[in-house]
Amino acid sequence: FARMFVQVCLYFYCKCLWRCLKFVVRKLTGQCELQRICYNTKPGAARTMKIEASLKGSKSKRLQTSVNVHPDAIEKTIDDIMELKRINPDINPQLGVSLQACLLQIVGYRNLIAEVEKLRREPYDSENPQHEEMLLKLWKCLKPNSPLKARISKQWCEIGFQGDDPKTDFRGMGLLGLYNLVYFAEWDTEIAQQVLTDSLHPKYREVTKKELSQLSKAEWEKKKFDKAIGYSFAIVGINITDLAYNLLVSGALKTHFYNVAPEAPTLTHFQQTFCYLMHEFHKFWIDEDPLDIMEFNRVREKFYRRILKQLQNPEMALCPHFAASESLINM
């Protein structure tokens, strides 16, 4: 109880001290916190995340709720912020532009979570012709020279599904898993096909003397027959969809999206990120060289921690070449 009391007192002391400090800085500089962030921080995640924290931490309810407005209300929200902060838009025209770009990213990220969640919750329906069409498109993109003999077929195992009807494998991630796999196969076809081939026929890799000395007899018995373990492409794709989903809803992907999306991040940005994660996980899996497929969870968790660490850098863009706009953000 004493410790809790001290922590509460410390919290309120720091909060009051921080507000006093902001007041003093504003008087000295003639600028509010939002102005200082926009003028002194370069565009991207560093600026947008500071703006988001400033608005959420404001004592004004109008500022706190500004991060939850509808995209169509952002311009009006900017006007309200300028009025509340007593900032003349004619003297500070660039501030409104910068705040608008930040709010579009903040609101867009929230809306993207809702869109992704909706797809995740929608189950695959074999009676829905659109769902069936997407599933068949996945096959055609990955196996263009091998016609599917029947809708229910063991052939589905060739692209990494568990049984003869893929619909059962989408239960965990719903349509989101299918959307991501189709996007990867359709828009990054060459890499997707190569990853599929490697997962089916992992490349032989010689075990070095150093590695051999570190293996137990039981491990060597496993390793000597299969020095590079393959995996089920589609199942791993659904699993990586889950990984990308967790990064999104936890807020970890804000760093990446705020750096690559000039305005609101979209579902396309999320799917492009999935493509990157699939490719990177494939390389990571090969480098890890697991003893068998039972090590999948360990490798996945290690990969997840690596991505999280990368995203702690405010300048990080996981796949900058996938940016929605070729032009740099200069707002």
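Rules used in this analysis
- Residues numbered from 1 in each chain as written.
- Predicted model: local features only at pLDDT ≥ 70, side-chain atom pairs only at ≥ 80, totals over all residues.
- Heavy atoms only, no water.
- Helix = DSSP H or I, 4+ residues; strand = E, 2+ residues; numbered from the N terminus.
- Buried < 20%, exposed > 50% of the residue type's maximum accessible area, 1.4 Å probe, protein only.
- Contact = heavy atoms within 4.5 Å.
- Areas by Shrake-Rupley, 256 points an atom, 1.4 Å probe, with all protein chains shown as cover.
- Core = buried A, V, L, I, M, F, W, Y, C linked by side-chain atoms within 4.5 Å.
- Domains from an automatic or database assignment.
- Salt bridge = Lys/Arg side-chain N within 4 Å of Asp/Glu carboxyl O.
- Expected span 1.5 Å × (residues − 1).
- Arc of directions from axis to C-beta.
- Polar contact = N/O pair within 3.5 Å; in protein donor to acceptor, adjacent residues only side chain to side chain.
- pLDDT = per-residue confidence, 0-100.
- Axes fitted to C-alpha atoms, helices over the stretch in contact; angles between N-to-C directions.
- Parallel < 35°, antiparallel > 145°, perpendicular 65-115°, else oblique.
- Nonpolar A, V, L, I, M, F, W, Y, C, P; charged D, E, K, R; others polar.

**Side note on the overall build of the chain**
Argument step 1. When you go through the chain residue by residue, the secondary structure sums to 15 helices and 0 strands.
Argument step 2. By the burial criterion, 44% of the 331 residues in the chain qualify as buried.
Argument step 3. Taking as baseline every contact in the chain between residues at least 6 positions apart, the subset at least 24 positions apart corresponds to 69%.
Argument step 4. For the chain, the accessible area works out to roughly 18,600 Å², and carbon and sulfur atoms hold 56% of it.

**Quick word on the nonpolar core**
Argument step 1. Of all hydrophobic cores here, the largest spans 86 residues; its most connected members are Ile51, Leu138, Leu178, Leu247, Phe270 and Leu277.
Argument step 2. At 11 residues, helix H6 (residues 93-121) tops the list of elements feeding residues into this core.
Argument step 3. Of the domains in this structure, domain 2 (31-120) and domain 3 (124-329) are the two that each give at least three residues to this core.
Argument step 4. Not counting residues within four places of it along the chain, the set of residues in contact with Ile51 comprises Leu34, Ile37, Cys38, Leu99, Cys102 and Ile106.

**Observations regarding the pattern of salt bridges**
Argument step 1. On inspection of all chains with the given rule, the structure shows 18 salt bridges.
Argument step 2. Note that Glu52 and Lys56 form a salt bridge whose closest N and O atoms lie 3.3 Å from each other. Here Glu52 and its partner Lys56 are both found in helix H3 (residues 45-56), 4 residues apart, which amounts to about one turn of the helix.
Argument step 3. With relative accessibility at 47%, the residue Lys56 sits in the partly exposed group.
Argument step 4. Between Glu52 and Lys254 there is a salt bridge, and its shortest N-O distance comes to 3.0 Å.

**Section: unusual backbone geometry**
Argument step 1. For Arg86, which is not a glycine, the phi torsion comes out positive at approximately 55 degrees.
Argument step 2. When you line up the elements, Arg86 lands in the loop between helix H5 (74-84) and H6.
Argument step 3. For Arg86, a relative accessible area of 78% puts it in the exposed group.
Argument step 4. The phi dihedral of Asp289 falls on the positive side, at around 50 degrees, and the residue is not glycine.
Argument step 5. With respect to the secondary-structure elements, Asp289 resides in the loop between helix H14 (267-288) and helix H15 (296-311).

**Things to note about helix H12 (residues 233-249)**
Argument step 1. In this model H12 runs 24 Å from its N-terminal to its C-terminal C-alpha over 17 residues, within 8% of the 24 Å that 1.5 Å per residue would give.
Argument step 2. With 12 of 17 residues buried, H12 lies mostly within the body of the structure.
Argument step 3. The first or second residue beyond H12 is Gly251, which carries a positive phi of 90 degrees.

**Here's the deal with the environment of Leu63**
Argument step 1. In this fold, Leu63 is placed in helix H4 (residues 61-64).
Argument step 2. Given the relative accessible area of 3%, Leu63 is considered buried.
Argument step 3. For Leu63 and Ile78, which are 15 residues apart along the polypeptide, the C-alpha to C-alpha distance reads 9.9 Å.
Argument step 4. In this structure Leu63 touches Leu55, Ser58, Ile81, Leu84 and Lys85, once residues within four positions along its chain are discounted.

**A look at H15**
Argument step 1. Counted at 1.5 Å a residue, the expected span for H15 with its 16 residues is 22 Å, and the 22 Å between its end C-alpha atoms agrees.
Argument step 2. Within the span of H15, buried status applies to Phe296, Val299, Arg300, Phe303, Tyr304, Ile307 and Leu311. The buried residues of H15 all sit within an arc of 135 degrees when viewed along its axis, so they share a single face.
Argument step 3. Lining the buried residues of H15 we find H12, helix H13 (254-260) and H14.

**Regarding the side chain of Thr255**
Argument step 1. As for its position among the elements, Thr255 is in helix H13.
Argument step 2. Polar side-chain contacts of Thr255 include one of 2.9 Å to the backbone oxygen of Leu311.
Argument step 3. Setting aside residues no more than four positions away along its own chain, Thr255 makes contact with Ala45, Met49, Leu311, Asn313, Pro314 and Met316.

**Notes on the confidence of the model for the chain**
Interpretation of this model should avoid reading the predicted coordinates in detail wherever pLDDT is low.
Argument step 1. Per-residue pLDDT for the chain has a mean of 86; in total, 81% of the residues score no lower than 70.
Argument step 2. Least confident of the elements in the chain is helix H11 (residues 217-223), whose mean pLDDT is 56; most confident is H12, at 98.
Argument step 3. Across residues 323-331, where pLDDT falls below 50, the model places 19 contacts with residues more than four positions away in sequence or in other chains.

**Quick look at the packing of H6 against helix H8 (residues 174-187)**
Argument step 1. It is at 3 Å that the axes of H6 and H8 come closest, and there the two elements cross at 105 degrees. Accordingly, the angle class assigned to the pair H6 and H8 is roughly perpendicular. Here H6 contributes Val116, Leu119 and Arg120 to the contact with H8, which in turn contributes Gly174, Leu175, Leu176 and Tyr179.
Argument step 2. Among the residues forming the contact of H6 with H8, the class breakdown is 5 nonpolar, 1 polar and 1 charged.

**As for the packing of H8 against helix H9 (residues 189-200)**
Argument step 1. At a minimum axis separation of 5 Å, H8 and H9 run at an interaxial angle of 110 degrees. The orientation of H8 with respect to H9, classified from their angle, is roughly perpendicular. Counting all contacts with H8, which are made through Phe184, Ala185, Glu186 and Trp187, the residues of H9 involved are Thr189, Ile191 and Ala192.
Argument step 2. Its residues assigned to classes, the contact of H8 with H9 shows 5 nonpolar, 1 polar and 1 charged.

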